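Summary of the model geometry
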2 protein chains.
Amino acid sequence: MNFDAITIRDIARELQLSVSTVSKALRDSYEISEKTKKLVLEYAKENNYRPNPMAQSLKKGHSKSIGIVVSSIDNQFFSQVINGMESEAYSQGYNVIITQSHESYDLEVQNVSHLIHRAIDGLLISIATETADVEHLRRLQQQGLPIVFFDRVSSEIDTHKVIVDNLGGSYQATIHLIDSGYKNIAHITSSVTSSVTTQRLSGYVQALVERGIEVNDQYIKYCAHGGLNLEELEQAVDELLQSSTPPDAILTASDRITTSTMTLLHKKNIRIPQDVALVGFSNTVLADVLNPSLTSVHQPAFEIGKKATEMLLSIINSKRPVTEFENVILPTELFIRNSSLKVAPE
Amino acid sequence: MNFDAITIRDIARELQLSVSTVSKALRDSYEISEKTKKLVLEYAKENNYRPNPMAQSLKKGHSKSIGIVVSSIDNQFFSQVINGMESEAYSQGYNVIITQSHESYDLEVQNVSHLIHRAIDGLLISIATETADVEHLRRLQQQGLPIVFFDRVSSEIDTHKVIVDNLGGSYQATIHLIDSGYKNIAHITSSVTSSVTTQRLSGYVQALVERGIEVNDQYIKYCAHGGLNLEELEQAVDELLQSSTPPDAILTASDRITTSTMTLLHKKNIRIPQDVALVGFSNTVLADVLNPSLTSVHQPAFEIGKKATEMLLSIINSKRPVTEFENVILPTELFIRNSSLKVAPE
DNA sequence: ATGAAAGCGCTAACAA
DNA sequence: TTGTTAGCGCTTTCAT
């Protein structure tokens with residue numbers, strides 16, 4: 001921090017004033033005469049004075065910035081969410097600090113710790129696939145850190161949460177597959193521990209049950225690392241394809257799993273949807289130009305980010321401790337494209 | 001910063017020691033007895049003591065973190081670059097703070113300012129498409145802030161730079177198109193002011209000239225905002241398609257322009273490559289599963305990020321001012337897929 | 001081997 | 001209206 005090295009003290013010395021006078025003048029205090037204010041303000045502007053926010057934060061205990069933890073920015077869903085967060089945060093004079101957990105519990109803990117020590121005023125987090133224990137977050141919350149969960153939430157911590165209607169999205173997609181004529185519908189999803197997994201699985205099961213289709217456990221595959229390493233996903237896909245009655249359709253439960261599954265099917269020369277139909281949760285802007293175009297469950301990512309940030313800032317700005325928490329559920333939207341086309345048997 | 005509220009002072013009080021003793025013990029100073037060190041360290045660990053980095057930064061004048069400015073994380077190229085940066089930074093004990101300029105000059109300036117005031121020790125930046133004037137960066141550099149440019153560099157500032165062989169990549173792609181039988185090759189690129197634009201344009205022109213094909217200015221379209229708003233791109237595409245001799249191939253110069261062009265062509269029912277072939281700079285992992293699969297010029301994004309960070313940290317850690325700067329140029333790789341397939345005339 | 005004290009840049013209670 | 005002073009949490013001389 002020796003860039004723009006001029007400090008409040010320099011101004012004071014130069015103008016023959018005390019530091020406190022300068023400080024107050026800078027903050028437009030009513031105690032300071034217009035004349036002095038003008039003098040200080042002009043000098044400050046001319047010399048490109050910038051308050052040192054480290055010092056300010058140290059003093060004031062807050063930093064006007066909020067921390068974000070997502071699993072990976074290399075994911076259209078999360079980058080869209082982040083854009084929504086930036087938008088809301090900027091409009092209220094806050095900055096954001098973005099970090100990635102890469103689905104790792106250790107990295108999540110490390111990032112949160114880094115953010116905390118960067119004096120963030122609040123935390124927006126989608127917990128990592130690996131994370132089973134949220135003790136690190138609960139402690140922080142108890143100590144007064146405002147936290148808002150989005151996407152992957154924890155039921156063990158009571159705070160504002162923003163998710164989508166995962167059950168509904170999954171249900172709708174499965175019904176679509178069934179009504180398109182598919183019978184043996186598999187589901188590739190993320191880690192068992194994730195809230196998102198549970199909800200999307202429920203939607204899938206509910207649709208099957210409702211249409212009188214037996215739920216086959218062999219058709220449900222979990223990826224402990226959210227499909228981050230291709231091996232686990234490939235194994236899941238292989239097991240499905242090599243089973244005695246291979247599925248004729250697959251519902252994939254996350255952006256990465258969806259696109260990776262598509263890539264794997266291509267690599268294995270499995271035709272979509274002739275050999276197996278594919279419907280997946282995904283926010284990729286390329287859904288239309290994929291081969292085939294991808295039927296996808298789309299989430300209002302920008303709105304999720306915006307809403308989560310609004311709620312976080314409302315906690316931060318609240319005079320009294322917030323104890324009533326809200327659980328916002330936004331709708332998903334099913335875009336039907338060619339990857340789930342009904343095909344006549346050959 | 002009252003989360004994990006325990007401070008060095010608390011430890012001192014609890015252990016009946018002075019703060020300075022505790023501070024030294026924590027930093028494993030030779031002045032402190034093993035016994036005391038052990039006492040302090042254990043107490044600190046048990047009580048989950050974390051030094052307050054704001055205070056440390058304020059005191060020491062550095063923060064062990066580096067700032068990153070990219071145009072948009074919603075772009076596989078940049079998110080891969082960032083992963084490379086994180087990887088190198090973490091391995092050297094640094095944290096990164098990621099910000100997006102969204103191709104806007106104002107946002108770039110604001111982000112840089114925010115980063116500076118967050119006491120970053122160095123800056124990694126790919127300048128925004130809109131940015132023509134780099135005065136804000138030059139001033140910072142003169143004041144001693146280590147800066148490393150990557151991707152979009154400025155010739156007006158002398159520092160380490162990491163780019164790819166843009167000319168070569170573009171040349172190779174164009175030659176590939178020509179040798180595949182395409183004659184009327186258009187080039188959709190970014191803002192005129194960008195270094196990347198110039199280099200990629202040169203490669204394109206060079207290939208045409210070398211193969212004795214006339215360079216047609218009508219075939220070269222600029223997008224002032226890097227294709228960020230679809231309108232400017234759509235106009236470019238329309239102008240090309242509606243010209244008296246429409247191109248039979250297009251070379252697109254950036255990730256966003258490439259994917260957006262593909263989307264537009266689909267929307268207009270223009271067949272690729274039958275009606276027009278497409279080759280583009282892109283790092284999307286979906287290139288293989290696009291319709292058609294996309295011939296792309298791929299950049300070693302992770303390595304770019306890693307290398308840039310290495311260089312930045314070498315400046316930061318250098319005892320004496322660095323005045324000799326390096327210009328690293330990494331190779332691109334052309335992946336030939338179906339979007340540039342040679343097609344027999346109908 | 002340990003402690004007292006100054007100070008990083010800033011804010012704010014209190015004095016003048 | 002302006003100035004003095006005491007910290008925020010930490011590091012670092014300089015005593016002891």
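Residues numbered from 1 in each chain as written. Chains lettered and ligands numbered in written order. Predicted model: local features only at pLDDT ≥ 70, side-chain atom pairs only at ≥ 80, totals over all residues. Heavy atoms only, no water.

1. Quick word on the overall build of chain A
- Scanning chain A from N- to C-terminus turns up twelve helices and twelve strands.
- For 346 residues, the compact-globule estimate of 2.2 N^0.38 gives 20 Å, and the C-alpha radius of gyration of chain A, at 26 Å, exceeds that figure by more than 25%.
- Within chain A, the proportion of its 346 residues that are buried is 57%.
- Within chain A, counting contacts between residues at least 6 apart in sequence, those at least 24 apart form 73% of the total.
- Per element, the accessible surface of chain A, about 14900 Å² overall, is 49% carbon and sulfur.
- Placing the 31 positive and 41 negative side-chain charges of chain A at their respective mean positions leaves the two points 10 Å apart. (Helix = DSSP H or I, 4+ residues; strand = E, 2+ residues; numbered from the N terminus. Rg over C-alpha atoms; globule rule 2.2 N^0.38 Å. Buried < 20%, exposed > 50% of the residue type's maximum accessible area, 1.4 Å probe, protein only. Contact = heavy atoms within 4.5 Å. Areas by Shrake-Rupley, 256 points an atom, 1.4 Å probe, with all protein chains shown as cover. Lys, Arg positive; Asp, Glu negative; His and termini not counted. Charge placed at Lys NZ, Arg CZ, Asp CG, Glu CD.)

2. Quick word on the protein's contact with DNA strand D
- Taken together, 27 residues surround DNA strand D, and among them S20(A), T21(A), K24(A), K59(A) and R9(B) come closest.
- Close to the protein, within 4 Å, the atoms of DNA strand D belong to sugar or phosphate groups at a rate of 57%.
- Take K59(A): an N or O atom from its side chain is 2.6 Å from a base nitrogen of DNA strand D.
- The separation between a phosphate oxygen of DNA strand D and a polar side-chain atom of Y49(B) is 2.7 Å.
- Of all the elements in the fold, those that place two or more residues in the surface near DNA strand D are α2 (19–26) and α4 (53–60) of chain A together with α1 (8–15), α2 (19–26) and α4 (53–60) of chain B.
- Split into classes, the residues belonging to the surface near DNA strand D amount to eight nonpolar, eleven polar and eight charged. (Near = heavy atom within 4 Å. Polar contact = N/O pair within 3.5 Å; in protein donor to acceptor, adjacent residues only side chain to side chain. Nonpolar A, V, L, I, M, F, W, Y, C, P; charged D, E, K, R; others polar.)

3. Thoughts on the packing of helix α5 (residues 76–91) of chain A against helix α12 (residues 301–316) of chain A
Residues and elements named next belong to chain A.
- The interhelical angle for the contact between α5 and α12, taken along N-to-C directions, is 40°, at an axis separation of 6 Å. By the angle between their directions, the pair α5 and α12 is classed as oblique. In the crossing of α5 with α12, the sense of the turn from one axis to the other is right-handed. Packed against α5, whose contacting residues are F77, Q80, V81, N83, G84, M85, S87, E88 and A89, the element α12 presents A301, F302, I304, G305, K306, T309, E310 and L313 at the interface.
- Each residue belonging to the contact of α5 with α12 can be placed in one class, and the counts come to eight nonpolar, six polar and three charged. (Axes fitted to C-alpha atoms, helices over the stretch in contact; angles between N-to-C directions. Parallel < 35°, antiparallel > 145°, perpendicular 65-115°, else oblique. Left-handed = near helix turned anticlockwise from the far one by under 90°.)

4. Considerations on the domain arrangement of chain A
Residues and elements named next belong to chain A.
- When its domains are assigned, chain A resolves into domain 1 (55–164 + 301–330) and domain 2 (166–298 + 334–340).
- Every contact between the two is made by 17 residues of domain 1 and, on the other side, 20 residues of domain 2.
- Three residues stand out in domain 1 for area buried against domain 2, namely Q76, T129 and V164, and they jointly supply 35% of the buried area on that side.
- Counting the contacts that link domain 1 with domain 2 gives zero salt bridges.
- Of all the secondary-structure elements, those providing two or more residues to the side of domain 1 that touches domain 2 are α5 and β5 (160–164).
- The dominant element in the side of domain 1 that touches domain 2, judged by the number of residues it contributes, is α5, at three residues.
- Of the residues in the side of domain 1 that touches domain 2, the class split is five nonpolar, seven polar and five charged. (Domains from an automatic or database assignment. Buried area = accessible area lost by both parts, 1.4 Å probe. Salt bridge = Lys/Arg side-chain N within 4 Å of Asp/Glu carboxyl O.)

5. Some words on the interface of chain B and chain A
- At the interface, 55 residues of chain B touch 55 residues of chain A.
- Summed over the shared surface of chain B and chain A, the result is zero salt bridges.
- Along the contact surface separating chain B from chain A lie twelve residue pairs in polar contact (both at pLDDT 80 or more).
- Elements with a contribution of two residues or more to the side of chain B that touches chain A: α4, α5 (76–91), β2 (95–100), α6 (105–117), α7 (135–142) and α11 (255–267) of chain B.
- The biggest single contributor to the side of chain B that touches chain A is α6(B), with seven residues.

6. What to know about the UniProt feature "domain: HTH lacI-type" (unreviewed entry) in chain A
- The positions UniProt marks with the feature "domain: HTH lacI-type" (unreviewed entry) are residues 6–60 of chain A.
- End-to-end, the C-alpha atoms of residues 6–60 of chain A are 21 Å apart, and along that stretch the chain is 67% helix and 0% strand. (UniProt positions renumbered as here; feature names shortened; annotations may be inferred.)

7. Quick notes on the pattern of salt bridges
- One pass over the structure, following the stated rule, counts 38 salt bridges over all chains.
- Among the ionic pairs, R211(A) bridges to E210(A), the shortest N-O distance being 3.8 Å.
- For R211(A), a relative accessible area of 37% gives the class partly exposed.
- Overall, the relative accessible area of 46% leaves E210(A) in the partly exposed class.
- The shortest N-O distance in the salt bridge between D179(B) and R211(B) comes to 2.9 Å. One end of the pair, D179(B), is in helix α8 (residues 166–179); the other, R211(B), is in the loop between α9 (195–210) and β7 (220–222), with 32 residues separating them in the sequence.

8. Comments concerning the nonpolar core
- Counting residues in each nonpolar core, the largest one holds 74 residues, and the members touching the most others are I185(A), I188(A), Y204(A), I188(B) and Y204(B).
- Among all residues touching I185(A), those that are not within four sequence positions of it are T174(A), L177(A), I178(A), Y204(A), L208(A), Y219(A), D248(A) and A249(A).
- Ranked by size, the runner-up nonpolar core spans 55 residues in total, among them V70(A), F78(A), I304(A) and F77(B). (Core = buried A, V, L, I, M, F, W, Y, C linked by side-chain atoms within 4.5 Å.)

9. Comments concerning the relation of the copies chain B and chain A
- Laying chain B over chain A is done by rotating through 179° and shifting 0.2 Å along the axis; what remains is an RMSD of 0.3 Å. Within this description, the copies of the chain are treated as partners about a two-fold rotation axis.
- Both copies contact each other with a shared surface, as 100% of the interface residues of chain B are interface residues in chain A too. (Least-squares fit on C-alpha atoms with pLDDT ≥ 70 in both.)

10. Here we look at helix α11 (residues 255–267) of chain A
Residue and element names in this part refer to chain A.
- Taking 1.5 Å per residue as the helical rise, α11 with its 13 residues ought to reach 18 Å, and the 18 Å between its terminal C-alpha atoms agrees with that figure.
- Burial runs high along α11: eleven of the 13 residues are buried.
- Among the residues of α11, D255, R256, I257, T258, T259, S260, T261, M262, T263, L264 and L265 are the ones counted as buried.
- On its buried face, α11 is in contact with α5, β6 (185–189), α10 (230–242), β8 (249–252) and β9 (277–281).
- Phi for N269, located one or two positions after α11, is positive at around 60°. (Expected span 1.5 Å × (residues − 1).)

11. Quick look at the sheet that holds strand β12 (residues 333–335) of chain B
All names here are of chain B.
- Ordered by their spatial adjacency, six strands build an open sheet running β7-β6-β8-β9-β10-β12, and the pairing between neighbours is mixed. Single-partner strands in this sheet number two, and they are β7 and β12. Along the sheet, successive strands turn relative to each other by an average axial angle of 15°, direction set aside.
- Across the sheet, α9 lies against β6 (185–189), β7, β8 (249–252) and β9 (277–281), angled at about 175° from β6, the strand it touches most.
- Lying on the sheet, α11 is in contact with β6, β8 and β9; it crosses β9 at an angle near 155°. (Pairing = 2+ DSSP bridges.)

12. A closer look at the protein's contact with DNA strand C
- Inspection of the region around DNA strand C gives 27 residues, with I8(A), R9(A), Y49(A), T21(B) and K24(B) positioned closest.
- Among all atoms of DNA strand C positioned within 4 Å of the protein, those belonging to sugar or phosphate total 57%.
- In the environment of DNA strand C, a phosphate oxygen lies 2.6 Å from a nitrogen or oxygen atom belonging to the backbone of I8(A).
- Here a phosphate oxygen of DNA strand C sits 3.0 Å away from a polar atom, N or O, in the main chain of S33(B).
- If you list the elements that add at least two residues to the surface near DNA strand C, you get α1 (8–15), α2 and α4 of chain A together with α2 and α4 of chain B.

13. Considering α12(A)
Residue and element names in this part refer to chain A.
- Across its 16 residues, α12 extends 23 Å between first and last C-alpha, which sits within 8% of the 22 Å expected from 1.5 Å per residue.
- Taken together, the buried positions of α12 are A301, I304, G305, A308, T309, M311, L312, L313 and I315.
- Those residues of α12 that are buried are in contact with β1 (65–70), α5, β3 (122–125), β4 (147–150), β5 and β11 (327–330).

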